[in-house]
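Descriptive structure summary
Here's the letter readout for the chains.
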Amino acid sequence: MKTISLLGSTGSIGVNTLDLVERYPERFQICALAAGVNIELLKRQIERFRPGAVAVIDEAHARGLADLPASVRPADILFGKEGYEAIAAHPEADLVVSAQTGAAGLLPTYAALKAGKDVALANKEALVMAGGLIMKEAGRRGSKILPVDSEHSAIFQCLQGQRGNSLKRVILTASGGPFFNLEKGALQAVKPEDALRHPNWKMGRKITVDSATMMNKGLEVIEAGWLFDLVMSKIAVVVHPPSVIHSLVEFVDGSILAQLGVADMRIPIAYALSYPERLFGAGPELDLLRAGPLEFIPPDVEKFPSLRLAREAAIAGGTMPAVLNAANEGAVEAFISGRIGFMEIPEIIERVMDRHLPKGAANLEEILEADRWARGEAGRLAGGEATKRRGN
């Protein structure tokens, strides 16, 4: 029996994780849950899984759990940064699933590793912002980081049993998002509701917009560099619209291994939960006869400059990836709220990066300060763009 602490229980990854826990009660149980503001869904999860501890975003939302029946009310109802970190380091947890969205996942993920926990990592931003510190802490504590992103899970699976010196490069696949076939000029007219309709995957709002701009793939490139100890030149990206092949690994002898499957996040989540074993029937089966042609197309970095910006941030190193991530989060929020246009997202990110002189990212405080600065800059730039749009 593996005991799990789940960060981000009401999000897409969290809900799919709990589906697997419910389907395999002889394998997994929940000891702690952390969520944000979706208190009604969290209440239902508490009633079903009976965690001993929960955490939410603030004290007001914690009070929203007060009407739970005494028979199911967790012993510990926590909130805020300290609450999330306590859930991540829960003493009963064998595995922490880090599935919070965005930069909010960094400190809890780090807390889990400091406590010596194995981490099933869906929060790519933790590695984007502080990959050096995260990997160092995992190595120091002997903790495993098990990738949950479908692309990194695919690479992780393809590398099992392989020698490190036989690897030539990894190849991340991208769906291309909903606008891959649009002309660049047409992207100016994209509205938030358009960007939030992904052709293949069901995901949260922020990651869905990131997929549409291809920033999600850029963040995954940085994440892959840390997870698999690779320089940028050994990480390629191809657009694969069917999302049947989730990523590939190329070896020095010319061989390429690929992991295929239905676009269903329960498959990579299940592998992370059960590693090194596999769960029978965790996800739907892939029908190869109906999968269609396995098409591969080079990404258009002129139309989708976010991929270029992510590589530039990774090469610059230090605090620049944290700045990239923070500027992106700020610009995406401004786009979803209707304050800026779709093509202004990468423009704002690039302008913020141009204003930043990277530091060494020697500690979390330095990284978090860069994050705060970049959010402020992105907010000011988004406000200026919104003012210009109203003026037009």
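To be clear, the structure that these remarks concern was listed above.
Described below are features of the structure shown in this document. (Residues numbered from 1 in each chain as written. Predicted model: local features only at pLDDT ≥ 70, side-chain atom pairs only at ≥ 80, totals over all residues. Heavy atoms only, no water.)

1. Looking at the overall build of the chain
Counting secondary structure elements, the chain contains 15 helices and eleven strands. Relative to the 2.2 N^0.38 estimate, which gives 21 Å for 392 residues, the radius of gyration of the chain is 20 Å and therefore close to what a compact globule would have. Each principal axis of the C-alpha distribution contributes one length, and for the chain these read about 60 × 55 × 40 Å. Looking at the chain as a whole, 55% of its 392 residues qualify as buried. Within the chain, contacts between residues at least 6 apart in sequence are counted, and of these 69% link residues at least 24 apart. By element, 52% of the accessible surface of the chain is carried by carbon and sulfur atoms, the whole surface being about 17,000 Å². (Helix = DSSP H or I, 4+ residues; strand = E, 2+ residues; numbered from the N terminus. Rg over C-alpha atoms; globule rule 2.2 N^0.38 Å. Buried < 20%, exposed > 50% of the residue type's maximum accessible area, 1.4 Å probe, protein only. Contact = heavy atoms within 4.5 Å. Areas by Shrake-Rupley, 256 points an atom, 1.4 Å probe, with all protein chains shown as cover.)

2. Examining the packing of helix α10 (residues 215–227) against helix α12 (residues 306–316)
In the contact formed by α10 and α12, the axes pass within 7 Å of each other and the chain directions differ by 25°. With respect to α12, the element α10 is oriented roughly parallel. Of the two elements, α10 crosses α12, and the hand of that crossing is right-handed. Along the contact surface, α10 presents Met 215, Lys 217, Gly 218, Leu 219, Val 221 and Ile 222, while α12 presents Ser 306, Leu 307, Ala 310, Arg 311 and Ala 314. Residue classes in the contact of α10 with α12 are distributed as seven nonpolar, two polar and two charged. (Axes fitted to C-alpha atoms, helices over the stretch in contact; angles between N-to-C directions. Parallel < 35°, antiparallel > 145°, perpendicular 65-115°, else oblique. Left-handed = near helix turned anticlockwise from the far one by under 90°. Nonpolar A, V, L, I, M, F, W, Y, C, P; charged D, E, K, R; others polar.)

3. Considerations on α10
With 13 residues, α10 should reach 18 Å at 1.5 Å per residue; the first-to-last C-alpha distance of 18 Å fits that figure. Most of α10 sits inside the fold, with twelve of its 13 residues counted as buried. Considered for burial, the residues of α10 that qualify are Met 215, Asn 216, Lys 217, Gly 218, Leu 219, Glu 220, Val 221, Ile 222, Glu 223, Ala 224, Gly 225 and Leu 227. At the exit of α10 stands Asp 229, carrying a positive phi of roughly 55°. (Expected span 1.5 Å × (residues − 1).)

4. Considerations on the sheet that holds strand β1 (residues 2–7)
Backbone hydrogen bonds hold the strands of a sheet together, and the pairing may be parallel or antiparallel. Taking strand neighbours across the sheet as the criterion, the seven strands line up as β4-β3-β2-β1-β5-β6-β7 in an open arrangement whose pairing is parallel. Both edges of this open sheet fall to β4 (76–79) and β7 (145–147), since each of them pairs with a single strand only. Across this sheet, the average inter-strand angle for adjacent strands is 25°, counted without regard to direction. Note: strand β3 (residues 53–56) against β4, four bridges, orientation parallel. (Pairing = 2+ DSSP bridges.)

5. Looking at the pattern of salt bridges
Considering all chains together, one arrives at 27 salt bridges under this definition. Residue Asp 371 pairs with Arg 375 through a salt bridge whose shortest N-O separation is 2.8 Å. Pair noted here: Asp 371 and Arg 375 are both in helix α15 (residues 364–391), with a separation of four residues, about one helical turn. Note on Asp 371: relative accessible area 8%, which makes it buried. Shared partners join several salt bridges into a network, and the residues in it are Asp 19, Arg 23, Asp 264 and Arg 266. (Salt bridge = Lys/Arg side-chain N within 4 Å of Asp/Glu carboxyl O.)

6. Details of a nonpolar patch on the surface
A surface patch of nonpolar side chains, amounting to about 360 Å² of accessible area, comprises Leu 260, Leu 288, Leu 294 and Phe 296. Inspection of the secondary structure puts Phe 296 in the loop between α11 (266–274) and α12. (Patch = residues over 30% accessible without salt bridge, like charges linked within 9 Å, V, L, I, M, F, W, Y side chains within 5 Å.)

7. Brief notes about the packing of α12 against helix α13 (residues 320–336)
At a minimum axis separation of 7 Å, α12 and α13 run at an interaxial angle of 150°. Judged by the angle between their axes, α12 and α13 are roughly antiparallel. Residues Leu 309, Ala 310, Ala 313, Ala 314 and Ala 316 of α12 touch α13, and the partners they reach there are Met 320, Pro 321 and Leu 324. Per-class residue counts for the contact of α12 with α13 are eight nonpolar, no polar and no charged.

8. Topic: helix α2 (residues 39–49)
Within α2, the full set of buried residues consists of Ile 39, Leu 41, Leu 42, Lys 43, Gln 45, Ile 46 and Phe 49. The elements touched by buried residues of α2 are α1 (12–23), β2 (28–34), β3 and α3 (59–63). Arg 50 occupies a position one or two residues after α2 and carries a positive phi of about 50°.

9. Quick word on the environment of Gly 80
Among the secondary structure elements, Gly 80 is positioned in helix α4 (residues 80–88). Sequence separation between Gly 80 and Ala 55 is 25 residues, and the spatial gap between their C-alpha atoms is 7.3 Å.

10. Remarks on the packing of aromatic side chains
Enumeration over the complete set of coordinates arrives at five aromatic pairs. Pairwise contacts between aromatic rings join Phe 156, Tyr 271 and Tyr 275 into one cluster. Its end group placed over the ring of Phe 49, Arg 48 keeps NZ or CZ at 5.1 Å from the ring centre. (Phe/Tyr/Trp six-rings, centres within 6.5 Å; stacked < 30°, edge-to-face > 60°. Lys NZ or Arg CZ within 6 Å of the ring centre and 35° of its normal.)

11. A look at the pairing of strand β8 (residues 167–174)
Regular strands have side chains that alternate between both faces of the sheet. Burial of β8 is extensive: six of the eight residues sit out of reach of the surface. Here β8 pairs with strand β10 (residues 245–251) via five bridges, running antiparallel. Each residue of the ladder has a partner; that of Val 170, found in β10, is Val 249. Strand direction decides the pairing type here: β8 and strand β9 (residues 235–239), joined by five bridges, are parallel. Bridging from a neighbouring strand, Ile 171 pairs with Ala 236 of β9.

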